[in-house]
4 protein chains.
Amino acid sequence: MDTAGLEAELHAFAAARDWHRFHTPKNLAMALSVEVAELVEIFQWQTEAQANAIMQSDEARHVEQELADIAMYLVRLSTVLGVDLNRAVTDKLVMNAQKYPAPEA
Amino acid sequence: MDTAGLEAELHAFAAARDWHRFHTPKNLAMALSVEVAELVEIFQWQTEAQANAIMQSDEARHVEQELADIAMYLVRLSTVLGVDLNRAVTDKLVMNAQKYPAPEA
Amino acid sequence: MDTAGLEAELHAFAAARDWHRFHTPKNLAMALSVEVAELVEIFQWQTEAQANAIMQSDEARHVEQELADIAMYLVRLSTVLGVDLNRAVTDKLVMNAQKYPAPEA
Amino acid sequence: MDTAGLEAELHAFAAARDWHRFHTPKNLAMALSVEVAELVEIFQWQTEAQANAIMQSDEARHVEQELADIAMYLVRLSTVLGVDLNRAVTDKLVMNAQKYPAPEA
């Protein structure tokens, strides 16, 4: 993932609105959890079949918007913390491969 | 964001472990919320000052790992739903700029 | 806690609206997480000082309503699972007292 | 619900461990969301059938403990905020009955 452009855009967006004082790690972690809950809310009363077909329903755009909100807060929080999200993912993939070895063919 | 490589890697990882049957939209949305909570847990009893300095503490690696987990489930859910996360973010940025106009200089 | 009256009331409320088919353990756990996020959302951009004074703000009624929603889904989920919430709390208090011994006076 | 006894017990438990300084509204809201996620985690990869039978599985005690944790943080947060949870629920039930009228028989 190359998130540099998005990081800069979100930083400028927050700066232009004087939002940096709100964007503490603690607050952004809370905001991220709220955005994920807005996604969960779409699925909460659906059957598995309905949930599986969500992108063929009139909730499709809504789902896309919530996924985007989650991505933006995740990138924003990474920026504020000074975390290279790309490197963090790469490192975690290595850890996961060791933790959950694939069964042999 | 170019998430194509990561999408393919996570898809192959799940396939090798026969996890695709678990990776329904509903389950992945739940898993995403659980991963975000693991991040929130790191901050929950901290003062603002402690939270702001988290990357200079011995929780720094832990924070990176949780951010990575969130990114991976977010990309995995987007893949399963057939959502182009990059385009979704671009569209949402346009919406947000209209919804929250920057004050004039 | 004596939750028997509330359990019966929520059961009748759901039955009258034909909602029992939605009230599976998985769905109710998701709904509970969504309600908690609605509470978190009230606090997410607040300073500690603002959050501490929330009940003297015009968000006071809103906070009460979200706390009530959480209580109702928690009791509803306990009913559906057949869990005696009162006994569960009593047992957990004993466990916590052993896990976190109080420092001696 | 009569939560007075539990409120007093949780207050004394926190006082004996010098935890009151951690128990701010913002922190307790975060902690509550983390406890709910620990419940969601139990269900996240289960089928509906598995989730429906959870209390006949060896996760039954675990579910009870998570429900208890949620109840305890909910009551603790209500105490710290000075909210009468019982009255809040009663008021919300009236609101819900108006918002979602039952279909006529």
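Structure: above.
Below: a short report on this structure. Everything numeric in this text was worked out from a predicted model, so none of it was measured.

Points about the interface of chain C and chain D
Consideration 1: Taken together, the contact between chain C and chain D spans 58 residues of the former and 58 residues of the latter.
Consideration 2: Between the two partners, chain C and chain D, sit 6 salt bridges.
Consideration 3: Across the salt bridge formed by D:Glu64 and C:Arg87, the nearest N and O atoms sit 3.3 Å from each other.
Consideration 4: Applying the counting criterion to the chain C and chain D interface returns 10 residue pairs in polar contact (both at pLDDT 80 or more).
Consideration 5: Sorting elements by how many residues they give to the side of chain C that touches chain D places helix H4 (residues 60-81) of chain C first, with 14 residues.
Consideration 6: Taken together, the residues of the side of chain C that touches chain D break down into 36 nonpolar, 11 polar and 11 charged.

Section: the packing of aromatic side chains
Each aromatic ring pair is described using two quantities: the centre-to-centre distance and the angle formed by the ring planes.
Consideration 1: What the rule picks out here adds up to 12 aromatic pairs over all chains.
Consideration 2: Summarising the aromatic geometry, the rings of A:Trp45 and C:Tyr73 are spaced 6.1 Å apart at their centres and angled 35° between planes, so their arrangement reads as tilted. Pair noted here: A:Trp45 is in the loop between helix H2 (25-43) and helix H3 (48-52) and C:Tyr73 is in helix H4, and the two residues belong to different chains.
Consideration 3: Looking at A:Trp45, the relative accessible area reads 27%, which means it is partly exposed.
Consideration 4: Above the plane of the ring of A:Phe13 lies A:Arg17, whose end atom (NZ or CZ) is 3.5 Å from the centre.

As for the interface of chain A and chain B
Consideration 1: Contacts between chain A and chain B engage 58 residues on the former and 58 residues on the latter.
Consideration 2: Of the roughly 4,800 Å² buried between chain A and chain B, counting both surfaces, carbon and sulfur atoms make up 74%.
Consideration 3: Salt-bridge contacts for B:Asp91 lead to A:Arg61; the nearest nitrogen and oxygen are separated by 3.6 Å.
Consideration 4: Taken together, the connections running from chain A to chain B amount to 10 residue pairs in polar contact (both at pLDDT 80 or more).
Consideration 5: Those elements that place two or more of their residues in the side of chain A that touches chain B are helix H1 (4-16), H2, H3, helix H4 (60-81) and helix H5 (85-99) of chain A.
Consideration 6: For the side of chain A that touches chain B, the leading source of residues is H4(A), giving 14 residues.

Observations concerning the relation of the copies chain A and chain B
Consideration 1: Its rotation angle being 180°, the transformation that places chain A on chain B also includes 0.0 Å of axial translation and leaves an RMSD of 0.0 Å. Each copy turns onto its partner about a two-fold axis.
Consideration 2: Comparing contact sets, 100% of the residues at the interface of chain A also lie at the interface in chain B, consistent with an isologous, same-surface contact.

Overview of the pattern of salt bridges
Two side chains bearing opposite charge may form a pair once their charged atoms approach each other closely.
Consideration 1: Evaluation of the coordinates by the stated rule reveals 28 salt bridges over all chains.
Consideration 2: Note that B:Arg21 is salt-bridged to B:Asp18, the shortest N-O span being 3.6 Å.
Consideration 3: The exposure class assigned to B:Arg21 is exposed, which follows from its relative accessible area of 54%.
Consideration 4: Judged by relative accessible area, B:Asp18 falls into the partly exposed class, the value being 47%.
Consideration 5: The closest approach of N and O atoms between D:Lys26 and B:Glu48, which form a salt bridge, is 3.8 Å. Here the residue D:Lys26 occupies a position in helix H2 (residues 25-43), and B:Glu48 occupies one in helix H3 (residues 48-52), the pair thus bridging two chains.
Consideration 6: Relative accessible area serves as the criterion here: at 0%, D:Lys26 is assigned to the buried category.

What counts and how
- Residues numbered from 1 in each chain as written.
- Chains lettered and ligands numbered in written order.
- Predicted model: local features only at pLDDT ≥ 70, side-chain atom pairs only at ≥ 80, totals over all residues.
- Heavy atoms only, no water.
- Contact = heavy atoms within 4.5 Å.
- Salt bridge = Lys/Arg side-chain N within 4 Å of Asp/Glu carboxyl O.
- Polar contact = N/O pair within 3.5 Å; in protein donor to acceptor, adjacent residues only side chain to side chain.
- Helix = DSSP H or I, 4+ residues; strand = E, 2+ residues; numbered from the N terminus.
- Nonpolar A, V, L, I, M, F, W, Y, C, P; charged D, E, K, R; others polar.
- Phe/Tyr/Trp six-rings, centres within 6.5 Å; stacked < 30°, edge-to-face > 60°.
- Buried < 20%, exposed > 50% of the residue type's maximum accessible area, 1.4 Å probe, protein only.
- Lys NZ or Arg CZ within 6 Å of the ring centre and 35° of its normal.
- Buried area = accessible area lost by both parts, 1.4 Å probe.
- Least-squares fit on C-alpha atoms with pLDDT ≥ 70 in both.

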